[in-house]
Amino acid sequence: MSMNISEERIIVFRVGWMKHYQGMKGDTIRSAARFVIDEKYGYEMYNFLPYEGYMYGFVQPSGAGNFTERTIRIERLGAAKKDESIENVLVAWVAPLTNKGVFLVGWYSNAIVYRKYQTPPKGAGRVFKDVEIGYYVKARESDCILLPEEERTLTVPKAKNQMGGLGQSLVWYADSGQTNDRLFRRDLLTFIELYEHQRLENELNETRFTMHRFVEGAPRRVTSTTYERNRKARDICINYYGARCSVCGFDFLDFYGKIGKDYIQVHHVKPLSDVGQEYEIDPLQDLRPVCPNCHAMIHRRNPPYTIEEIKAFIQKRGS
Ligand SMILES: [Zn+2]
Ligand SMILES: [Zn+2]
């Protein structure tokens, strides 16, 4: 999947605002939808409840009649009229927060979007008050991100007309080519790229202290194979380049003595050009040891400065 703004298959689904989307227990749905107000629950309540490695998401397509009989117009994502589903779609979940606007709450990458309502797999726990809660979209759990509430900062433009923006409809194809559509596509992809990059670098740079905490507090992360792969990549990078800054040469052991031994951060050089795709780090090509100061300067811009650019800034100052 490329990060091409106009070519990326993107669909925006508007749902009620929840904290976890793992059921109604301990959570609330904030929504203006008639159904949610009347019934005190919504079919989106399980949108981030994984089952056997997959996430199943619901949105209410527009149209008349029973909402489980409505369809998503997947031909607008490039599917043929006869197709029942389409793959490799980036699904952006957005939700309104009272009076404040509509915000990105999470996404599924590499998702399958179905034309018709799908009944949930048996045993998935997608039942509420004896009602089966179905879905229209499915994605691998590892390709799905739900933002914590404080990180839901990307707003969705309001529609001035039926084109270019999320209006009354709960499904927005963002394919008109008009300004709102193009800007949102760009902002969305930039946001996701930056988020995935930070997540990767956080994983690369967790200290021993936080790793220890993970062992005790959150076993899910430790058993994750990507996590272990990232730790290995970090070690290979540092063994090769040494535990000193690739920009300014700072060496923590030299400067601080033995408490600085082995301390260094790792910067991921290659911008993630693929969202959510299974991606293997090349520790020597893609990673460089950097000190926290230089690392902060590298990320003063998005896309980040190169190591050479930061070196040049230092040289310019010194001359
Ligand atoms: Zn440095
Ligand atoms: Zn970095």
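Please read these numbers as outputs of a predicted model, since none were measured by experiment.

About the thresholds
Residues numbered from 1 in each chain as written. Chains lettered and ligands numbered in written order. Predicted model: local features only at pLDDT ≥ 70, side-chain atom pairs only at ≥ 80, totals over all residues. Core = buried A, V, L, I, M, F, W, Y, C linked by C-beta atoms within 7 Å. Buried ≥ 20, exposed ≤ 12 C-beta atoms within 10 Å, placed from the backbone. Helix = DSSP H or I, 4+ residues; strand = E, 2+ residues; numbered from the N terminus. Contact = placed C-beta atoms within 7 Å. pLDDT = per-residue confidence, 0-100.

1. Concerning the nonpolar core
Note that soluble globular proteins tend to have their nonpolar side chains buried in a common cluster.
Link 1 in the chain: Core analysis: the largest hydrophobic core is formed by 49 residues, its most contacted members being Val-91, Ala-92, Trp-93, Val-113 and Val-137.
Link 2 in the chain: Breaking this core down by element, the ones donating at least two residues are β1 (10-14), β2 (54-57), β3 (85-97), β4 (101-118), β7 (135-140), β8 (144-146), β9 (171-172) and α2 (179-205).
Link 3 in the chain: At eight residues, the largest contribution of residues to this core is made by β3.
Link 4 in the chain: The residues contacting Val-137, other than those within four sequence positions of it, are Gly-57, Val-91, Tyr-108, Ala-111, Ile-112, Val-113 and Tyr-114.

2. With respect to the confidence of the model for the chain
Link 1 in the chain: Per-chain confidence: the chain averages 85 in pLDDT, with 86% of residues scoring 70 or above.
Link 2 in the chain: Within the chain, the element-level pLDDT minimum falls on helix α4 (residues 219-223), averaging 38, and the maximum on β7, averaging 97.
Link 3 in the chain: For the stretch residues 208-223, pLDDT sits under 50, and the model shows six contacts to residues farther than four places along the chain or on other chains.

3. Here we look at the environment of Tyr-51
Link 1 in the chain: Mapped onto the fold, Tyr-51 is located in the loop between α1 (34-39) and β2.
Link 2 in the chain: In sequence terms Tyr-51 and Arg-126 are 75 residues apart; their C-alpha atoms lie 9.4 Å from each other.
Link 3 in the chain: Those residues in contact with Tyr-51 that lie beyond four places of it in its chain are Tyr-56, Pro-121, Ala-124 and Gly-125.

4. Structural notes on unusual backbone geometry
Link 1 in the chain: At the junction of Asn-302 and Pro-303, the peptide bond is cis and its omega measures out at 0° in the coordinates.
Link 2 in the chain: Tracing the sequence through the fold places Pro-303 in the loop between α8 (292-298) and α9 (307-318).
Link 3 in the chain: Of note, Lys-40 is a non-glycine position whose phi angle comes to about 65°, a positive value.
Link 4 in the chain: On the basis of neighbour count, Lys-40 is assigned to the exposed category, with 11 C-beta atoms found within 10 Å.
Link 5 in the chain: Look at Ala-174: it is not a glycine, yet its phi comes out positive at around 50°.
Link 6 in the chain: In this structure Ala-174 comes out as buried when scored by C-beta crowding, with 24 C-beta atoms within 10 Å.

5. With respect to the environment of Phe-191
Link 1 in the chain: On the secondary structure map, Phe-191 appears in helix α2.
Link 2 in the chain: Phe-191 sits in the partly exposed class, given 18 other C-beta atoms within 10 Å.
Link 3 in the chain: Linking Phe-191 and Leu-154, residues 37 residues apart in sequence, is a C-alpha distance of 7.7 Å.
Link 4 in the chain: Sequence-distant contacts of Phe-191, that is, excluding residues within four places in its chain, are made with Leu-104 and Leu-154.

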